[in-house]
Amino acid sequence: MPDYSLESEAGGRVAGVDEAGRGPLAGPVLAAAVVFAGPPCGALAALLDDSKKLNAARRDLAFAALVEAARLGQLDYAVAAASVAEIARLNILRASHLAMARALWRLRAPCDLALIDGNMAPALPGCVPRLGFRCVVGGDALSLSIAAASILAKVTRDRAMARLDRRFPAWGFGRHQGYATPEHRDCLARLGPTPHHRRGFAPVDQAWLPMLAAQPQLAGAAA
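Quick summary incoming for the structure in this document. (Residues numbered from 1 in each chain as written. Predicted model: local features only at pLDDT ≥ 70, side-chain atom pairs only at ≥ 80, totals over all residues. Heavy atoms only, no water.)

So, about the nonpolar core. Residues A15, V17, L104 and L107 are the most contacted members of the largest nonpolar core, which totals 29 residues. Going through the elements one at a time, β1 (14-20), β2 (29-36), β3 (75-82), α4 (84-90), α5 (92-106), β4 (113-117) and α9 (202-214) are the ones with two or more residues in this core. Per element, the largest residue contribution to this core is 7 residues, and it comes from α5. Setting aside anything within four residues of it in sequence, one finds V17 in contact with A32, A33, M100, L104, A114, L115, I116, D117, I146 and A149. (Core = buried A, V, L, I, M, F, W, Y, C linked by side-chain atoms within 4.5 Å. Buried < 20%, exposed > 50% of the residue type's maximum accessible area, 1.4 Å probe, protein only. Helix = DSSP H or I, 4+ residues; strand = E, 2+ residues; numbered from the N terminus. Contact = heavy atoms within 4.5 Å.)

Structure below.
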(Lines give C-alpha, C1' and ligand atoms only; values in the text may rest on other atoms or scores of the structure.)
Protein backbone atom coordinates (compact mmCIF):
# COMPACT_ATOMS: atom_id res chain seq x y z
CA MET A 1 0.00 0.00 0.00
CA PRO A 2 1.24 3.53 -0.68
CA ASP A 3 2.33 5.74 2.20
CA TYR A 4 3.53 9.28 2.84
CA SER A 5 7.22 8.58 3.35
CA LEU A 6 8.47 10.03 0.05
CA GLU A 7 6.64 13.26 0.69
CA SER A 8 7.86 13.49 4.30
CA GLU A 9 11.47 12.79 3.34
CA ALA A 10 11.42 15.51 0.66
CA GLY A 11 9.87 18.19 2.84
CA GLY A 12 8.33 21.37 1.50
CA ARG A 13 5.41 21.42 -0.87
CA VAL A 14 5.44 18.11 -2.76
CA ALA A 15 3.10 17.20 -5.59
CA GLY A 16 2.32 13.69 -6.70
CA VAL A 17 1.68 13.51 -10.45
CA ASP A 18 0.23 10.73 -12.60
CA GLU A 19 -1.54 10.33 -15.92
CA ALA A 20 -4.42 8.28 -17.25
CA GLY A 21 -5.05 7.31 -20.84
CA ARG A 22 -1.71 6.79 -22.55
CA GLY A 23 -2.77 3.44 -24.00
CA PRO A 24 -6.23 4.03 -25.50
CA LEU A 25 -6.96 4.51 -29.19
CA ALA A 26 -9.35 7.40 -28.54
CA GLY A 27 -9.89 10.36 -26.26
CA PRO A 28 -7.55 12.75 -24.48
CA VAL A 29 -4.77 11.89 -22.08
CA LEU A 30 -5.38 13.22 -18.57
CA ALA A 31 -3.01 14.06 -15.74
CA ALA A 32 -3.50 15.13 -12.14
CA ALA A 33 -1.26 16.74 -9.53
CA VAL A 34 -2.00 16.42 -5.81
CA VAL A 35 -0.38 18.19 -2.84
CA PHE A 36 -1.39 17.13 0.66
CA ALA A 37 -1.15 19.78 3.39
CA GLY A 38 0.23 17.04 5.64
CA PRO A 39 -0.06 13.27 6.04
CA PRO A 40 -3.64 12.37 5.11
CA CYS A 41 -5.87 10.96 7.80
CA GLY A 42 -6.11 7.20 8.11
CA ALA A 43 -9.60 6.99 6.62
CA LEU A 44 -8.55 8.85 3.46
CA ALA A 45 -5.22 7.05 3.16
CA ALA A 46 -7.01 3.69 3.35
CA LEU A 47 -8.99 4.58 0.21
CA LEU A 48 -5.93 5.39 -1.88
CA ASP A 49 -4.01 2.98 -4.09
CA ASP A 50 -2.93 2.58 -7.69
CA SER A 51 -6.15 3.33 -9.59
CA LYS A 52 -5.66 0.21 -11.73
CA LYS A 53 -5.99 -1.93 -8.58
CA LEU A 54 -9.36 -0.42 -7.65
CA ASN A 55 -12.71 -1.22 -9.18
CA ALA A 56 -14.90 1.60 -10.46
CA ALA A 57 -16.94 1.86 -7.26
CA ARG A 58 -13.80 2.12 -5.11
CA ARG A 59 -12.30 4.73 -7.44
CA ASP A 60 -15.48 6.80 -7.29
CA LEU A 61 -15.50 6.61 -3.49
CA ALA A 62 -11.85 7.68 -3.31
CA PHE A 63 -12.46 10.45 -5.86
CA ALA A 64 -15.32 11.88 -3.79
CA ALA A 65 -13.20 11.70 -0.62
CA LEU A 66 -10.34 13.56 -2.32
CA VAL A 67 -12.66 16.29 -3.60
CA GLU A 68 -14.10 16.70 -0.10
CA ALA A 69 -10.60 16.82 1.43
CA ALA A 70 -9.73 19.57 -1.04
CA ARG A 71 -12.85 21.49 -0.01
CA LEU A 72 -11.72 21.25 3.63
CA GLY A 73 -8.25 22.55 2.75
CA GLN A 74 -6.49 19.24 3.41
CA LEU A 75 -5.05 19.04 -0.09
CA ASP A 76 -4.64 20.96 -3.32
CA TYR A 77 -5.22 19.26 -6.66
CA ALA A 78 -5.55 20.04 -10.35
CA VAL A 79 -6.47 17.96 -13.38
CA ALA A 80 -5.51 18.77 -16.96
CA ALA A 81 -5.63 17.18 -20.40
CA ALA A 82 -3.87 17.02 -23.73
CA SER A 83 -6.20 16.67 -26.68
CA VAL A 84 -6.31 14.12 -29.49
CA ALA A 85 -4.89 16.78 -31.82
CA GLU A 86 -2.00 17.41 -29.42
CA ILE A 87 -1.35 13.67 -29.13
CA ALA A 88 -1.11 13.46 -32.93
CA ARG A 89 1.20 16.47 -33.11
CA LEU A 90 3.49 15.72 -30.17
CA ASN A 91 3.23 11.90 -29.73
CA ILE A 92 1.58 10.29 -26.71
CA LEU A 93 4.57 10.56 -24.36
CA ARG A 94 5.09 14.28 -24.92
CA ALA A 95 1.33 14.88 -24.80
CA SER A 96 1.11 13.12 -21.43
CA HIS A 97 4.00 15.31 -20.22
CA LEU A 98 2.12 18.37 -21.45
CA ALA A 99 -0.94 17.32 -19.45
CA MET A 100 1.27 16.84 -16.37
CA ALA A 101 2.80 20.28 -16.80
CA ARG A 102 -0.64 21.85 -17.16
CA ALA A 103 -1.85 20.12 -13.99
CA LEU A 104 1.17 21.43 -12.05
CA TRP A 105 0.59 24.95 -13.39
CA ARG A 106 -3.03 24.83 -12.21
CA LEU A 107 -2.22 24.14 -8.57
CA ARG A 108 -3.03 27.05 -6.27
CA ALA A 109 0.62 27.58 -5.32
CA PRO A 110 4.00 26.50 -6.75
CA CYS A 111 5.62 23.28 -5.57
CA ASP A 112 9.16 22.53 -4.49
CA LEU A 113 9.15 18.99 -5.88
CA ALA A 114 6.99 16.87 -8.16
CA LEU A 115 6.97 13.10 -7.69
CA ILE A 116 6.29 11.73 -11.17
CA ASP A 117 4.96 8.23 -11.65
CA GLY A 118 7.23 6.39 -14.10
CA ASN A 119 10.81 6.72 -15.25
CA MET A 120 10.75 9.98 -17.22
CA ALA A 121 9.96 13.50 -16.04
CA PRO A 122 8.15 15.99 -18.28
CA ALA A 123 10.65 17.01 -20.96
CA LEU A 124 8.91 19.97 -22.60
CA PRO A 125 11.31 22.94 -22.37
CA GLY A 126 10.42 25.34 -19.61
CA CYS A 127 7.13 23.62 -18.86
CA VAL A 128 7.34 24.32 -15.12
CA PRO A 129 10.41 26.41 -14.31
CA ARG A 130 12.25 26.11 -11.00
CA LEU A 131 10.43 22.92 -10.08
CA GLY A 132 12.37 19.80 -9.11
CA PHE A 133 11.26 16.44 -10.46
CA ARG A 134 11.77 12.97 -9.05
CA CYS A 135 10.66 9.94 -11.03
CA VAL A 136 9.19 7.06 -9.04
CA VAL A 137 8.70 3.80 -10.92
CA GLY A 138 5.47 2.21 -9.72
CA GLY A 139 4.84 5.40 -7.78
CA ASP A 140 1.07 4.98 -7.63
CA ALA A 141 1.64 1.92 -5.40
CA LEU A 142 4.27 3.71 -3.24
CA SER A 143 3.24 7.34 -2.76
CA LEU A 144 -0.12 8.52 -1.44
CA SER A 145 0.16 11.73 -3.46
CA ILE A 146 0.79 9.84 -6.70
CA ALA A 147 -1.96 7.32 -5.89
CA ALA A 148 -4.39 10.19 -5.32
CA ALA A 149 -3.34 11.75 -8.64
CA SER A 150 -3.86 8.44 -10.44
CA ILE A 151 -7.41 8.19 -9.10
CA LEU A 152 -8.34 11.78 -9.95
CA ALA A 153 -6.95 11.45 -13.48
CA LYS A 154 -8.55 8.05 -14.12
CA VAL A 155 -12.02 8.94 -12.84
CA THR A 156 -12.03 12.28 -14.67
CA ARG A 157 -11.03 10.60 -17.92
CA ASP A 158 -13.56 7.77 -17.55
CA ARG A 159 -16.32 10.32 -17.02
CA ALA A 160 -15.21 12.25 -20.09
CA MET A 161 -15.36 9.03 -22.14
CA ALA A 162 -18.85 8.31 -20.75
CA ARG A 163 -19.96 11.72 -22.05
CA LEU A 164 -18.39 10.89 -25.40
CA ASP A 165 -20.31 7.62 -25.39
CA ARG A 166 -23.58 9.57 -25.40
CA ARG A 167 -22.47 11.36 -28.58
CA PHE A 168 -21.10 8.24 -30.31
CA PRO A 169 -23.06 5.34 -28.74
CA ALA A 170 -22.20 2.78 -31.42
CA TRP A 171 -18.48 2.82 -30.50
CA GLY A 172 -18.97 1.75 -26.87
CA PHE A 173 -16.69 4.36 -25.29
CA GLY A 174 -18.53 4.06 -21.98
CA ARG A 175 -17.55 0.40 -21.74
CA HIS A 176 -13.95 0.34 -22.94
CA GLN A 177 -12.93 4.03 -22.40
CA GLY A 178 -11.16 3.99 -25.75
CA TYR A 179 -8.81 1.08 -24.98
CA ALA A 180 -8.03 -1.41 -27.74
CA THR A 181 -10.47 -4.11 -26.65
CA PRO A 182 -11.80 -6.62 -29.20
CA GLU A 183 -15.13 -4.77 -29.15
CA HIS A 184 -13.45 -1.45 -29.88
CA ARG A 185 -11.31 -2.88 -32.69
CA ASP A 186 -14.43 -4.42 -34.22
CA CYS A 187 -16.23 -1.06 -34.07
CA LEU A 188 -13.28 0.62 -35.76
CA ALA A 189 -13.28 -1.98 -38.53
CA ARG A 190 -17.04 -1.72 -39.12
CA LEU A 191 -17.70 1.97 -38.48
CA GLY A 192 -14.36 3.66 -38.98
CA PRO A 193 -12.82 6.22 -36.62
CA THR A 194 -14.54 9.19 -35.02
CA PRO A 195 -12.90 12.63 -34.73
CA HIS A 196 -11.90 11.56 -31.22
CA HIS A 197 -9.75 8.64 -32.34
CA ARG A 198 -5.98 9.11 -32.20
CA ARG A 199 -4.15 9.41 -35.50
CA GLY A 200 -0.72 7.77 -35.39
CA PHE A 201 -2.04 4.73 -33.52
CA ALA A 202 -1.87 1.77 -35.91
CA PRO A 203 -5.42 0.37 -35.48
CA VAL A 204 -6.88 3.85 -36.04
CA ASP A 205 -4.73 4.58 -39.09
CA GLN A 206 -5.62 1.19 -40.55
CA ALA A 207 -9.33 1.97 -40.08
CA TRP A 208 -8.86 5.23 -42.00
CA LEU A 209 -7.51 3.52 -45.14
CA PRO A 210 -10.81 2.19 -46.53
CA MET A 211 -12.46 5.56 -45.85
CA LEU A 212 -9.70 7.43 -47.68
CA ALA A 213 -9.89 5.05 -50.61
CA ALA A 214 -13.65 5.58 -50.87
CA GLN A 215 -13.51 9.34 -50.28
CA PRO A 216 -10.13 10.79 -51.36
CA GLN A 217 -11.24 14.28 -50.31
CA LEU A 218 -10.83 13.14 -46.70
CA ALA A 219 -7.07 12.80 -47.15
CA GLY A 220 -6.41 16.45 -46.36
CA ALA A 221 -8.54 16.35 -43.22
CA ALA A 222 -6.86 13.16 -42.09
CA ALA A 223 -3.32 14.50 -42.51
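Now, onward.
Take the sheet that holds β2 next. In a beta sheet, neighbouring strands pair by backbone hydrogen bonds and run either parallel or antiparallel. With mixed pairing, 5 strands are arranged side by side in an open sheet as β3-β2-β1-β4-β5. Since the sheet does not close on itself, it has two edges, and those belong to β3 and β5 (132-136), each with one partner. Between one strand axis and the next, the sheet turns through 20 degrees on average, direction left out of account. Bridge count between β1 and β2: 5 bridges; the pairing is antiparallel. Each bridged residue has a counterpart across the sheet, and for G16 the counterpart in β2 is V34. Sheet contacts for helix α3 (residues 56-71): β2 and β3; angle to β3, the most-contacted strand, approximately 125 degrees. Running at roughly 145 degrees to β3, α5 makes contact with β1, β2, β3, β4 and β5 of the sheet. (Pairing = 2+ DSSP bridges. Axes fitted to C-alpha atoms, helices over the stretch in contact; angles between N-to-C directions.)

This part is about the side chain of S143. With respect to the helices and strands, the residue S143 is situated in the loop between β5 and α6 (144-167). Judged by its relative accessible area of 0%, S143 is buried. At a separation of 2.6 Å, a polar atom in the side chain of S143 contacts the side chain of E7. A polar side-chain atom of S143 sits 3.2 Å from the main-chain amide nitrogen of I146. Excluding anything up to four places from it in sequence, S143 contacts P2, D3, L6, E7 and L115. (Polar contact = N/O pair within 3.5 Å; in protein donor to acceptor, adjacent residues only side chain to side chain.)

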